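Chain by chain, the residues run as shown.
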Amino acid sequence: MEEILYITTPIYYVNAKPHIGHAYTTIVCDVFARFNRMLGKRVKFVTGTDEHGKKIEQSAARSGMTPQVFSDQVSQLFRELLPILNVSNDDFVRTTENRHKVAVSHIWNTLHQNGYIYLGEYSGWYDIRNEAYFTEEELVDGKSPLDGREVVIMKEECYFFKLSAFQNKLLEYYESHKDFIFPESKRNEVISFVKSGLKDLAISRTTFNWGIPVPHNDKHVIYVWMDALANYLTCNNYPENQDQNNNEFWQNSLHFIGKEIVRFHAVYWPAFLMAANITPPRQIIAHGWWLSEGEKMSKSLGNVQDPVKLCNLFGSDALRYFLLRELSFGEDGNFTIESFVTRYNGFLANSYGNLCKRVITLVDKYSNGFVIKPEKFSKTDKDFVQNIDLLLEKTIELVEKYAFNRYLEKIEMATSLANQFIDQEKPWALKEFNDIKRMQDVLYILLEAIIKITKFFDPVTPIAASKILHQIDNSVRDKITVNSVDESVFPRIDVTKINEFDVYAKD
Ligand code: ME8
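Residues numbered from 1 in each chain as written. Predicted model: local features only at pLDDT ≥ 70, side-chain atom pairs only at ≥ 80, totals over all residues. Heavy atoms only, no water.

1. Looking at the site of the ligand
As a reminder of what qualifies: Proximity is defined per residue: any heavy atom of the residue falling within 4 Å of a molecule or strand makes that residue near it. Any pair of N or O atoms that falls within 3.5 Å is considered a polar contact. Within protein, one atom must be able to donate a hydrogen and the other to accept it, and sequence-neighbouring residues count only if both atoms are side-chain atoms. Computed with the Shrake-Rupley method and a 1.4 Å probe, the accessible areas treat only the protein chains shown as cover for residues. Counting from the N terminus, the helices are the DSSP runs of H or I reaching at least four residues and the strands are the DSSP runs of E reaching at least two. Gly falls in the polar group here, along with every residue not listed as nonpolar (Ala, Val, Leu, Ile, Met, Phe, Trp, Tyr, Cys, Pro) or charged (Asp, Glu, Lys, Arg).
What surrounds the ligand is a group of 24 residues, the closest being Ile11, Thr25, Asp50, Glu260 and Trp290. With respect to the ligand, the backbone of Ile11 contributes an N or O atom lying 2.8 Å from a nitrogen atom. His287 has a polar side-chain atom sitting 3.5 Å from an oxygen atom of the ligand. Within the complex, the protein chains bury 96% of what would otherwise be the 660 Å² of accessible surface of the ligand. Contributions of two or more residues to the shell around the ligand are made by strand 1 (4-13), helix 1 (20-38), helix 7 (224-229) and helix 8 (231-234). At four residues, strand 1 tops the list of elements feeding residues into the shell around the ligand. Among the residues making up the shell around the ligand, the classes are represented as twelve nonpolar, nine polar and three charged.

Here it is in structure tokens:
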């Protein structure tokens, strides 16, 4: 049976321009989507923007715009980033779209009908940026426990969701679905949070208007997280498709997120879904955070790397490769331009790009642009081919475990074996000694290795892969023809220019 996957990014707030942190999650999802499509799976991959809430209303006001005009502009920046990063998403959802409002209202009505929503009054400490209330005890040094921001006291009439009714159901669910939360460390945190007790959750606001109105009581707007989480259903044709439990995409839904929003995805979201009689998604996958030059990225420090500038300077393939290679998925990583250039030159230019260029040029120069499959393979040849195959085979389970940096390590190892093979077999020397047969065999074996490595590298560097696979044609059985071009797919970056690169976002 055909395997199916439904892959989602968080939907990004439109209160700030996209930076490499956002680009990272989207790229991770794209690489995962492309890799799985390569394995023959049917993939639906969606992303979008989160546009409601007080924070966005405030940002719009500061910019002197209506929230709608403001959201239109910033959402467009996120949308335009996708082709720049070469992202293969199937849908882009905005929470201000009608189809989404229909989905959210429908969920609300379902939860209400099922008896999980009641009207009450809320007072507590409110973290405006994160749109979350906290009790006195939950505050850390009087500040938001999420990220230490200021909190203000607020009191409002509001609707509540009976989250407390789901404490045991959630714990049972985590127990019977051991891989629901990835990685394990986050799973443990969630379990102890839920065990410590769940209070009912305030799910409407009356202190601002920028949101989806509560059905039949438009004094209230729906809590932005309930609104936002529902995007995953909107993109799966809910409520038109009511039967999500028997829907193959929903059954195989994977939500990729940053570690700071695990609680919303692994506690609130499955509880909302259970209350609506919809099964929770298959997995919540949380990754770590990018720091910039060792510090938290922030506008005021001026250290926010701009993914558009990086792509303009070095190409999207290079950014995609770097982000996946440098950070061990789940852990935090540090973005510096020095490490970017070092990895770029070290692998993309000197190892992979150079190998492809060298072999293609040799076939062009010494073998009239084509080689025929060897009649027999020496022990060295067989070992080489087998080692490459083993390394590439291994990438499948690594990607399945979201070990993207280790997947790329295998690609690097395979490339380095090919570079060793060429240095050891010296096709140029074989040519000199007139051993043309052996020279052609060696080049054939190398071209085949390049094709295989490139196919497994394609999910990360699709532009380079398509260039290389256009230069190497193996459509005729047992014959490989090359089309030589002068420049490498990854020209070296001049390290002496490192201080001249302008990679920071300006505003
Ligand atoms: O939280 N390093 O939106 P958001 C790595 N709208 N990833 C980062 C990052 C960094 N420094 N900064 C941001 C929201 N991200 C909600 C989500 S989903 C129903 C609603 C990535 O614009 C990471 O994926 O604040 C994080 O979870 C996401 O951007 C947060 O984006």
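2. Some points on the pattern of salt bridges
As a reminder, the rule being used: The term salt bridge refers to a pairing of a side-chain nitrogen on Lys or Arg with a carboxyl oxygen on Asp or Glu at a separation within 4 Å. Burial classes: relative accessible area under 20% of the type maximum marks a residue as buried, over 50% as exposed, and values in between as partly exposed (1.4 Å probe, protein chains only).
What the rule picks out here adds up to 26 salt bridges. Two residues, Asp423 and Arg358, come together in a salt bridge whose shortest N-O distance is 2.9 Å. Taken together, the residues span a long stretch of sequence, with Asp423 in helix 15 (residues 404-425) and Arg358 in helix 13 (residues 337-366) at a distance of 65 residues. What makes Asp423 partly exposed here is its relative accessible area of 39%. You can call Arg358 partly exposed: its relative accessible area is 26%. Salt bridges here are not isolated pairs; linked through shared partners, they connect Asp30, Arg34 and Arg320.

3. Overview of the sheet that holds strand 15 (residues 295-296)
In plain terms, the rule: The pairing criterion for strands is at least two bridges between them, as found by DSSP. Note on contacts: a residue pair is in contact if any heavy atoms of the two residues lie within 4.5 Å. Axis lines are fitted through C-alpha atoms, for helices just across the contact stretch, and the angle between N-to-C directions can take any value from 0 to 180 degrees.
Ordered by their spatial adjacency, three strands build an open sheet running 15-14-16, and the pairing between neighbours is mixed. Because the sheet does not close on itself, it has two edges, and the strands there are strand 15 and strand 16 (333-335). Relative to strand 15, strand 14 (residues 290-292) runs antiparallel, the two sharing two bridges. Opposite Ser292, over in strand 15, you have Glu295 as the bridge partner. Against the sheet, helix 12 (residues 316-326) contacts strand 14 and strand 16, and its axis sits at roughly 145 degrees relative to strand 16.

4. Quick notes on the packing of aromatic side chains
The relation between two aromatic rings is expressed through the spacing of the ring centres and the mutual angle of the planes. Convention followed: Under the pairing criterion, centres of Phe, Tyr and Trp rings, with the six-membered ring standing for Trp, must be within 6.5 Å; the plane angle then separates stacked pairs below 30 degrees from edge-to-face pairs above 60, leaving the rest tilted. Geometrically, a lysine NZ or arginine CZ counts as sitting over a ring once it is within 6 Å of the ring centre and also within 35 degrees of the ring normal.
On inspection of all chains with the given rule, the structure shows 42 aromatic pairs. Relative to Phe404, the ring of Phe329 has its centre 5.6 Å away and its plane inclined at 70 degrees; by these criteria the two rings are edge-to-face. Here the residue Phe329 occupies a position in the loop between helix 12 and strand 16, and Phe404 occupies one in helix 15, the gap between them amounting to 75 residues. The exposure class of Phe329 is buried, given its relative accessible area of 11%. Each ring, one from Tyr352 and one from Phe490, has its centre 6.3 Å from the other, and the planes form 55 degrees; the classification is tilted. Here Tyr352, found in helix 13, pairs with Phe490, found in the segment after strand 19 (479-482); they are 138 residues apart in sequence, far enough to count as distant. The rings of Tyr24, Trp290, Phe314, Phe322, Phe335, Phe340 and Phe501 are connected pair by pair, giving a single aromatic cluster. Above the face of the Phe193 ring, Arg263 is positioned so that its terminal group lies 3.8 Å from the ring centre.

5. Quick look at the sheet that holds strand 17 (residues 370-372)
An order of 17-19-18 is seen for the three strands of this open sheet, with the pairing classed as antiparallel. Two strands bound the open sheet, and with one partner strand each, they are strand 17 and strand 18 (472-473). The sheet contacts of helix 13 involve strand 17, strand 18 and strand 19, and relative to strand 19 the element is tilted by about 95 degrees.

6. As for the layout of surface pockets
Here is the rule we go by: The pocket and cavity definitions rest on a 1 Å grid over protein atoms only: a 1.4 Å probe that fits but cannot leave marks a cavity, an open set with protein on both sides within 12 Å along at least five of seven lines marks a pocket, and residues lining either have an atom within 4 Å of a point. Grid points are joined across faces, edges and corners, and a volume is the space filled by probe spheres set on the points.
Approximately 420 Å³ is the volume found for the second largest pocket. If you trace the second largest pocket, you find 21 residues lining it, with Tyr133, Glu138, Lys199, Leu201 and Tyr268 closest to the centre. Put simply, the parts of the chain that give the lining of the second largest pocket at least two residues each are strand 5 (132-134), strand 8 (201-202) and helix 10 (262-275). Taken together, the residues that form the lining of the second largest pocket break down as 13 nonpolar, three polar and five charged.

7. Quick word on the environment of Gly302
Secondary-structure assignment places Gly302 in the loop between strand 15 and helix 11 (307-314). Between the C-alpha atom of Gly302 and that of Ala505, which follows or precedes it by 203 residues, the distance is 7.3 Å.

8. Details of the side chain of Glu51
Turning to its location among the elements, Glu51 is positioned in the loop between strand 2 (42-50) and helix 2 (54-62). Overall, Glu51 belongs to the buried group, its relative accessible area being 0%. With sequence-adjacent residues up to four places away left out, Glu51 is seen in contact with Val14, Ile56, Ser71, Ser75, Arg94, Thr95, Thr96 and Trp210.

9. Regarding the environment of Arg477
The topology assignment puts Arg477 in the loop between strand 18 and strand 19. Residue Arg477 is classed as exposed on the basis of its relative accessible area, which comes to 72%. Measuring from C-alpha to C-alpha, the distance between Arg477 and Lys373 comes to 8.7 Å, with 104 residues separating the pair along the chain.

10. Here's the deal with the nonpolar core
Basically, it comes down to this: Nonpolar cores were defined as sets of buried Ala, Val, Leu, Ile, Met, Phe, Trp, Tyr and Cys residues, with membership established by side-chain atoms within 4.5 Å. Annotation comment: domain bounds sourced from an automatic or database domain assignment.
Among the nonpolar cores identified, the biggest contains 164 residues, and Phe161, Tyr174, Ile203, Phe256, Phe272, Phe404 and Tyr407 are the most heavily contacted of them. Here the element with the most residues in this core is helix 13; it accounts for 14 residues. Both of domain 1 (4-287) and domain 2 (345-482) provide at least three residues apiece to this core. Residues contacting Tyr407, with those up to four places away along its chain left out, are Val31, Phe35, Thr395, Leu398, Val399, Phe456, Phe457, Pro459 and Val460. One finds Tyr122, Met154, Cys158 and Ala202 within the second-largest nonpolar core, a separate group that totals seven residues.

11. With respect to the packing of helix 12 against helix 13
Helix packing for two helices is described by the angle between their axes and how far apart those axes are. What counts is decided by this rule: Convention used here: angles under 35 degrees read as roughly parallel, angles over 145 as roughly antiparallel, angles from 65 to 115 as roughly perpendicular, and any remaining angle as oblique.
Taken N-terminus to C-terminus, the directions of helix 12 and helix 13 make an angle of 105 degrees; their axes are 10 Å apart at the nearest point. By the criterion of interaxial angle, the relationship of helix 12 to helix 13 is roughly perpendicular. In this structure, helix 12 uses Ala318, Leu319, Tyr321, Phe322, Arg325 and Glu326 to contact helix 13, whose residues at the interface are Ser339, Phe340, Arg343, Tyr344, Phe347 and Leu348.

12. Let's talk about the domain arrangement of the protein chain
As a reminder of what qualifies: Joining two parts hides part of their accessible area as seen by a 1.4 Å probe, and the buried area is that hidden amount summed over both.
Partitioning the protein chain into domains gives domain 1 (4-287) and domain 2 (345-482). Once you take the C-alpha centre of each, domain 1 and domain 2 turn out to be 44 Å apart. Residue-level contacts link 13 residues of domain 1 with 13 residues of domain 2. The contact between domain 1 and domain 2 buries some 1,200 Å² in all, and 79% of this surface belongs to carbon and sulfur atoms. The largest per-residue losses of area from domain 1 upon contact with domain 2 belong to Val31, Phe32 and Phe35, which jointly make up 43% of the total buried on that side. Seen at the junction of domain 1 and domain 2, the total is zero salt bridges.

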